[in-house]
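# Residue-level structural notes
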Amino acid sequence: MIEVLELNYDSVVIGAGPAGIAAAIRAQELGLKTVLVENRDLLGGIPLQCVHPGFGLHYFREDLTGTEFIYRFFDKMEKLGVEYLLKSHVHSIELVAHNEKIVNVITPQGVMRLKTKTLIYTAGARERHIFEINVVGDRPAGIYTAGEAQTLMDIYGIIPGKEIVIIGSGDVGLIMARRFALEGAKVKAVIELMHYPGGLMRNIVQCLQDYDIPLYLGHVVTRVVGKKRVEKVIVAKVDEKLKPIKGTEFEIPCDTVVLAAGLIPNLDMLEKIGLIIDPYTRGPIVNEFLETNIPGVFVAGNALVINDLVDYVVEQGELAAEGARYFIENDGIPTIDWKPVVRGRNIRFIVPHYISGKRDVILYARVQQPEKNVIVAIPEIGWKMKQFNVRPAEMIRVKLTKRLLERASSAEKISMEVIPSE
Amino acid sequence: MSERELTCIICPASCTLKVSVEPGGSLKVEGALCPRGVEYAKQEVTDPRRIVMSVVKVVGGDLPTVSVKTNRPVPKKCIQEVMKATASIELKAPVEIGQVIIKDICGADVVATRRVKKVNSM
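Residues numbered from 1 in each chain as written. Chains lettered and ligands numbered in written order. Predicted model: local features only at pLDDT ≥ 70, side-chain atom pairs only at ≥ 80, totals over all residues.

## Considerations on the overall build of chain B
Put simply, the rule is: Helix and strand assignments follow DSSP, with helices taken as H or I runs no shorter than four residues and strands as E runs no shorter than two, numbered in order from the N terminus. Values of the radius of gyration come from C-alpha atoms, whereas the globule rule sets the reference at 2.2 Å times the count of residues to the power 0.38. Here a residue counts as buried when 20 or more other C-beta atoms sit within 10 Å of its C-beta, as exposed when there are 12 or fewer, and as partly exposed otherwise, the C-beta atoms being derived from the backbone.
Along chain B, the regular secondary structure elements total 2 helices and 10 strands. Ordered by position from the N terminus, the helices and strands of chain B form the series β-β-β-α-β-β-β-β-α-β-β-β. The C-alpha radius of gyration computed for chain B amounts to 19 Å, which surpasses the reference 14 Å derived for 122 residues by more than 25%, pointing to a less compact arrangement than a globule. For chain B, the spread of C-alpha atoms along the principal axes amounts to about 70 × 25 × 15 Å. For chain B, buried positions account for 35% of its 122 residues.

## Some words on the environment of I159 of chain A
All names here are of chain A. The condition is simple: Throughout, a pair of residues is in contact if the C-beta atoms placed from their backbones lie within 7 Å.
Relative to the elements of secondary structure, I159 occurs in the loop between α3 (146-154) and β12 (163-167). Between the C-alpha atoms of I159 and A149, which are 10 residues apart in sequence, the distance is 7.8 Å. Contacts of I159, omitting those with residues within four sequence positions, involve M153, E183 and A185.

## Some words on the environment of S92 of chain A
Residue and element names in this part refer to chain A. Along the polypeptide, S92 turns up in strand β6 (residues 89-97). Under the C-beta neighbour-count criterion, S92 is labelled exposed, with 11 such atoms within 10 Å. In the structure, S92 is positioned 181 residues away from I273 in sequence and 9.2 Å away in space, judged by C-alpha atoms.

## Observations regarding the packing of α3 of chain A against helix α4 (residues 171-182) of chain A
Residues and elements named next belong to chain A. Worth spelling out the cut-off: What counts as an axis is a line fitted to C-alpha atoms, over the stretch in contact for a helix, and the angles between N-to-C directions run from 0 to 180 degrees. Here a crossing is called left-handed whenever its near helix is offset anticlockwise from the far helix by less than a right angle, and right-handed whenever the offset is clockwise. Throughout, the ten residues Ala, Val, Leu, Ile, Met, Phe, Trp, Tyr, Cys and Pro are labelled nonpolar, Asp, Glu, Lys and Arg are labelled charged, and all others, Gly among them, are labelled polar.
One can describe the packing of α3 onto α4 by two numbers: an axis separation of 9 Å at closest approach and a directional angle of 35°. Here the hand of the crossing between α3 and α4 comes out left-handed. Together, A146, G147, A149, Q150 and M153 of α3 and V172, G173, M176 and R179 of α4 make up the contact between the two elements. Across the contact of α3 with α4, the residue classes break down as 5 nonpolar, 3 polar and 1 charged.

## Overview of the interface of chain B and chain A
With 24 residues of chain B at the contact, the number on the chain A side is 25 residues. Of all elements in the fold, only β5 (53-59) and β6 (65-70) of chain B reach the threshold of two or more residues within the side of chain B that touches chain A. The element that contributes the greatest number of residues to the side of chain B that touches chain A is β5 of chain B, accounting for 4 residues. By residue class, the composition of the side of chain B that touches chain A is 11 nonpolar, 8 polar and 5 charged.

## Some details on the sheet that holds strand β28 (residues 414-420) of chain A
Residues and elements named next belong to chain A. The cut-off we apply is this: Between any two strands, at least two bridges found by DSSP are needed for them to pair.
Spatial ordering of the open sheet is given by β23-β21-β28-β25-β26, a layout of 5 strands whose pairing is mixed. Either end of the sheet is taken by a strand with one partner, and the two such strands are β23 (354-355) and β26 (383-390). Pairing geometry for strand β25 (residues 371-378) and β28, over 4 bridges, is antiparallel. Residue pairing for β28: V376 is matched across the bridge by V418.

## A short note on the nonpolar core
All names here are of chain A. We apply this condition: In these notes, a nonpolar core means any group of buried Ala, Val, Leu, Ile, Met, Phe, Trp, Tyr and Cys residues linked to one another through C-beta atoms within 7 Å.
In terms of nonpolar packing, the biggest core is built from 99 residues, with A23, I120, Y121, F298 and A300 touching the most fellow members. In this structure, F298 is in contact with T118, L119, I120, Y121, F289, L290, E291, A320, G323 and A324, ignoring residues within four places of it in sequence. Within the second largest apolar cluster, 42 residues are counted, among which are I143, M153, L174 and V230.

## So, the domain arrangement of chain A
All names here are of chain A. Selection criterion: Throughout, the edges of the domains are those of an automatic or database domain assignment.
Domain annotation of chain A identifies domain 1 (1-126 + 264-335), domain 2 (129-261) and domain 3 (336-422). Here the C-alpha centroids of domain 1 and domain 3 sit 26 Å apart. In this assembly, 16 residues from domain 1 lie in contact with 18 residues from domain 3. For the side of domain 1 that touches domain 3, the residue count by class is 8 nonpolar, 4 polar and 4 charged.

## Side note on the packing of α4 of chain A against helix α5 (residues 201-208) of chain A
Residues and elements named next belong to chain A. What counts here: We call two directions roughly parallel when the angle between them is under 35 degrees, roughly antiparallel when it is over 145, roughly perpendicular when it lies between 65 and 115, and oblique otherwise.
Orientation of α4 relative to α5, taken along the N-to-C sense of each, is 15°, at an axis distance of 8 Å. In terms of orientation, α4 and α5 fall into the roughly parallel class. Crossing hand, α4 versus α5: left-handed. Residues D171, L174, I175, A177 and R178 of α4 touch α5, and the partners they reach there are N203, I204, C207 and L208. Grouping the constituent residues of the contact of α4 with α5 by class yields 6 nonpolar, 1 polar and 2 charged.

## Quick word on the domain arrangement of chain B
Segmenting chain B into domains produces domain 1 (3-46) and domain 2 (53-112). Of note, the centres of domain 1 of chain B and domain 2 of chain B, computed from C-alpha atoms alone, are 30 Å apart.

## Some remarks on the sheet that holds strand β8 (residues 90-92) of chain B
All names here are of chain B. Spatial strand order, β8-β5-β6-β10-β9: 5 strands in an open sheet with mixed pairing. Looking at which strands have only one partner, the edges of the open sheet turn out to be β8 and β9 (100-105). Going across the sheet, the axis of each strand differs from the next one's by a mean of 30°, ignoring polarity. Relative to strand β10 (residues 108-112), β9 runs antiparallel, the two sharing 3 bridges.

Here is the structure:
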């Protein structure tokens, strides 16, 4: 007979990366009885292995490394006495009533049933793997995701190879290209399927151009070749439909392949209890409190939408905690006449999906295609922002005040669009 | 240099900056969302500098390495010198954030950016 410990909470936060830590701190500050559940043996998530600067410029108005950024939150957690569980795996979530969920957790102290009014889900994202990007061929040693390479190098101090080819030009891949180059490995190429880079322009400059690393846009790795260890990759040009062009193949000898082919929100646990997913973000459909279609279940950070700034991840964590308090105070988010937020010209996605128009909101969006000299506009409220450049890699974040939104009180929707400027 | 286009690397906004020389010889910077971009562009065309980051081995700690960075940007041509210096070091736990690991190299200090707590070995 297994003894099960039953505990009651206002809010259970799943995942102790920056979104979860920020959510747990905010929830505790708001007086909610909170616990943070993490399956690894340490708090902090990905920033703990981000040794490069560029973090905290918005949140702390300082340029910090990922490590410095996350330690500031550890200190705050400790000061507030935020309760947390490490090495604890969420087995399942049960929905009992609109204001009651049970989170079954397997912990080193035994099995726990955490009864809670609200759930804040901040389990981050997973990396897209080689079988998802149609790279065929051998499966020898020497194939890593960018995140795995980062853990090896920047937590354990192990350089996984000498001659590297990076597939995909997402930010983690670019950051790792620089780290490999700094540590004396030769980065022979970064191969990007699309005709534009996947990562931030600043990372193309300071991670690739600074170290003379060639970036092949509109190219694809068609095969990995190697017996025990990776020996080479076969690369081909792609046509406008992104299909490899026959006769354009060439070889790049290397001993290591690093995959930086993007992130996918980690939501399996919530999909099992009926979460509705937005096909464009691959995250949940949410309202302005970041509440999903399941009452009292909030999602923040990269589990909500793939962010390029940790500052936004933290902002979402805090917002979800405020949503949780509002939910508890009102025994559910009061039924409101929600206005849908819709995608206009050249907008790939926009989050949140529903707003009340009665409260300040922050919108996060990405464009579909790179474009120069444009205006980003929300026509229903007459809001406009001129931009030299918009790129899919760079998220657009817009804060709209309640006063501004009142202009759209009779509109049935809010939309964002990118239009060429004259 | 009549005109040069740069991408600002100060923050992820990645502003596209246009730097040109004014008739008087001073530098004109367009396209920056903040004054730091103007500063960056002027620095980049005259004396490019970068923050350098790495990890350094630690013995007896709860993590096997501590992450480090230069506390200010160093000239681009000095990057390898900093990397060589950090590669040859081994530290003993504990290490605190901000602790100086190498003093005065290429006009900067190398400082710790992670905390490594001491653990008692068996």
